[in-house]
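A closer look at the structure
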Amino acid sequence: MRAAYVDSQDPEEPLRGLRVADLPDAGPPLPGWVRVTVRAAALNQHDLFSLRGVGLPADRLPMILGTDAAGVLDDGTEVVVHSVVPSPAWRGEETLDPRRTLLSELHPGTLAEHVWVPARNAVPKDPALSWAHAACLPTAYLTAYRMLFDAAALRPGHTVLVQGAGGGVATAAIVLGRAAGLRVWVTSRSEARRALAVDIGAHDAFATGARLPEQVDGVVETVGAATWSHSLKALRPGGTVALAGATSGPMPPAKLNRIFFRSLRVVGTTMGTRAQLEDLQRMLLATGARPVVDDVVPLAEVGDALGRLAAGDMFGKLVVQPGA
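Residues numbered from 1 in each chain as written. Predicted model: local features only at pLDDT ≥ 70, side-chain atom pairs only at ≥ 80, totals over all residues. Heavy atoms only, no water.

Right, let's get into helix α5 (residues 191–199). Of all the residues in α5, the buried ones are Arg193, Arg194 and Ala197. Seen end-on, α5 carries its buried residues on one side only, within an arc spanning 105 degrees. Among the exposed residues of α5, those pointing more than 90 degrees away from its buried face are Glu191, Ala192 and Asp199. Next to the buried residues of α5 lie α4 (168–179), β12 (183–188) and β13 (204–207). Here α5 starts with a cap whose side-chain oxygen sits 3.3 Å from the backbone nitrogen of Ala192, and that cap is Ser190. Among the residues trailing α5, Gly201 stands out with phi positive, at a value near 135 degrees. (Buried < 20%, exposed > 50% of the residue type's maximum accessible area, 1.4 Å probe, protein only. Helix = DSSP H or I, 4+ residues; strand = E, 2+ residues; numbered from the N terminus. Arc of directions from axis to C-beta. Contact = heavy atoms within 4.5 Å. Polar contact = N/O pair within 3.5 Å; in protein donor to acceptor, adjacent residues only side chain to side chain.)

Counting through the fold element by element, Asp25 comes out in the loop between β2 (18–22) and β3 (33–42). Judged by relative accessible area, Asp25 falls into the partly exposed class, the value being 33%. Through-space distance from the C-alpha of Asp25 to that of Ile259 is 50 Å; in sequence the pair is 234 residues apart. The contact partners of Asp25, leaving out residues within four places of it in the chain, are Met1, Arg35, His114 and Trp116.

Turning to the packing of aromatic side chains, a few remarks are in order. Under the definition given, this model contains 2 aromatic pairs. With a centroid separation of 5.1 Å and an interplanar angle of 70 degrees, the aromatic rings of Tyr145 and Phe149 are classed as edge-to-face. With Tyr145 and Phe149 both in helix α3 (residues 137–151), this residue pair falls 4 residues apart, about one helical turn. Across this residue pair, the class does not change: Tyr145 and Phe149 are buried. Summarising the aromatic geometry, the rings of Trp185 and Phe206 are spaced 5.6 Å apart at their centres and angled 75 degrees between planes, so their arrangement reads as edge-to-face. (Phe/Tyr/Trp six-rings, centres within 6.5 Å; stacked < 30°, edge-to-face > 60°.)

Mapped onto the fold, Thr240 is located in strand β15 (residues 235–243). Here the side chain of Thr240 touches Arg265 through a polar contact of 2.8 Å, side chain to side chain. Among all residues touching Thr240, those that are not within four sequence positions of it are Ala151, Ala152, Asp217, Gly218, Val219, Leu235, Arg265 and Val267.

The calculated volume of the largest pocket comes to roughly 1500 Å³. In terms of lining, the largest pocket is formed by 48 residues, of which the most central are Gln45, Phe49, Thr222, Gly245 and Thr247. Mapped by element, the contributors of at least two residues to the lining of the largest pocket are α1 (45–52), β8 (101–102), α3, α4, α9 (302–311) and β18 (317–321). By residue number, the principal contributor to the lining of the largest pocket is α1, which donates 5 residues. (1 Å grid on protein atoms, 1.4 Å probe; cavity = no way out; pocket = protein on both sides within 12 Å on 5 of 7 lines; lining within 4 Å. Points joined across faces, edges and corners; volume = space filled by probe spheres on them.)

This part covers the pattern of salt bridges. Scanning the model with the defined rule gives 14 salt bridges in all. Among the ionic pairs, Arg16 bridges to Asp10, the shortest N-O distance being 3.5 Å. Residue class for Arg16 comes out exposed when judged on its relative accessible area of 54%. By relative accessible area, Asp10 is classed as buried at 17%. In this structure, the salt-bridge partner of Arg308 is Asp294, at a minimum N-O distance of 2.7 Å. Remark: Asp294 occurs in strand β17 (residues 293–298) and Arg308 occurs in helix α9; sequence separation between them is 14 residues. (Salt bridge = Lys/Arg side-chain N within 4 Å of Asp/Glu carboxyl O.)

Let us now look at the sheet that holds strand β1 (residues 2–6). If you trace the 3 strands from one edge of the open sheet to the other, you get β2-β1-β4, paired in antiparallel fashion. Taken across any chain shown, the strands that pair with only one partner, and hence form the sheet edges, are β2 and β4 (63–64). (Pairing = 2+ DSSP bridges.)

What follows covers a nonpolar patch on the surface. Judged by side-chain polarity, Leu256, Phe260 and Phe261 come together as a nonpolar surface patch covering roughly 420 Å² of accessible area. By the secondary structure assignment, Leu256 is in helix α7 (residues 256–261). Overall, Leu256 belongs to the exposed group, its relative accessible area being 56%. (Patch = residues over 30% accessible without salt bridge, like charges linked within 9 Å, V, L, I, M, F, W, Y side chains within 5 Å. Areas by Shrake-Rupley, 256 points an atom, 1.4 Å probe, with all protein chains shown as cover.)

Fair warning: the whole summary comes from geometry, so function is off the table for now.
Structural data, given as structure tokens:
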């Protein structure tokens, strides 16, 4: 089975440990798992974290990368793969299980010709979604959906600020927010990325840290230290920061006085549930919105694509076709 996997880890040069080669298909790790023939898999920062040694112990190597996929079950059913795998004894919402994992952390990931997943994690895919679009949903778009409509509880007519145009979650938040009737504002240091954000649905775009025309109802925050102070200042009293990442650093000044004096809410969230993934797919079908795909490449070119991801040289999702 052809796969892209972590052979060794390097915090400074993560791509040194990437390999694309044949690995044996180990079969289902537990009863009740099903095989998915992968038609498309999207890349995420999580793949680079694994290559750097973050969240993936070295004793689990080699480990096939990838958390996102769309493909076909052995009986021909088209599915989207939900990547959150709870521990066997867990009962309840899977994202709240402290022992949950994502594919490619404990079990092999999706950047391969086949992936095994719990039967519950194989969500039927509507034929109206392309393979590339469906593959973008399980991480970035599911995270953005949960941030907007669950963590921040935003509704049509509300204003949301999305920090850091161009990243996968930020781009997803723009697309989904616009489709849901939100007024979407976005920030970026790059004038070109600000223009692209407007092209895909943002109502306005501002330089990072710029004073906004008015305060907002919610902020989608995945940048962290570099934008945290601005996110808090941008919120109206009682507003919410939905937090799902900290790519520029996890330890900004907390600004506790502003948080309690203005009754701000800071809600952390990660990924989403199977039910939310189903709701997300229905939203796309009802609105006609689709994920923004920067490029689609064969598995042999995954190293170049991960290099672009590491450099931030993309706008939207990079998708891999293992069978190409």
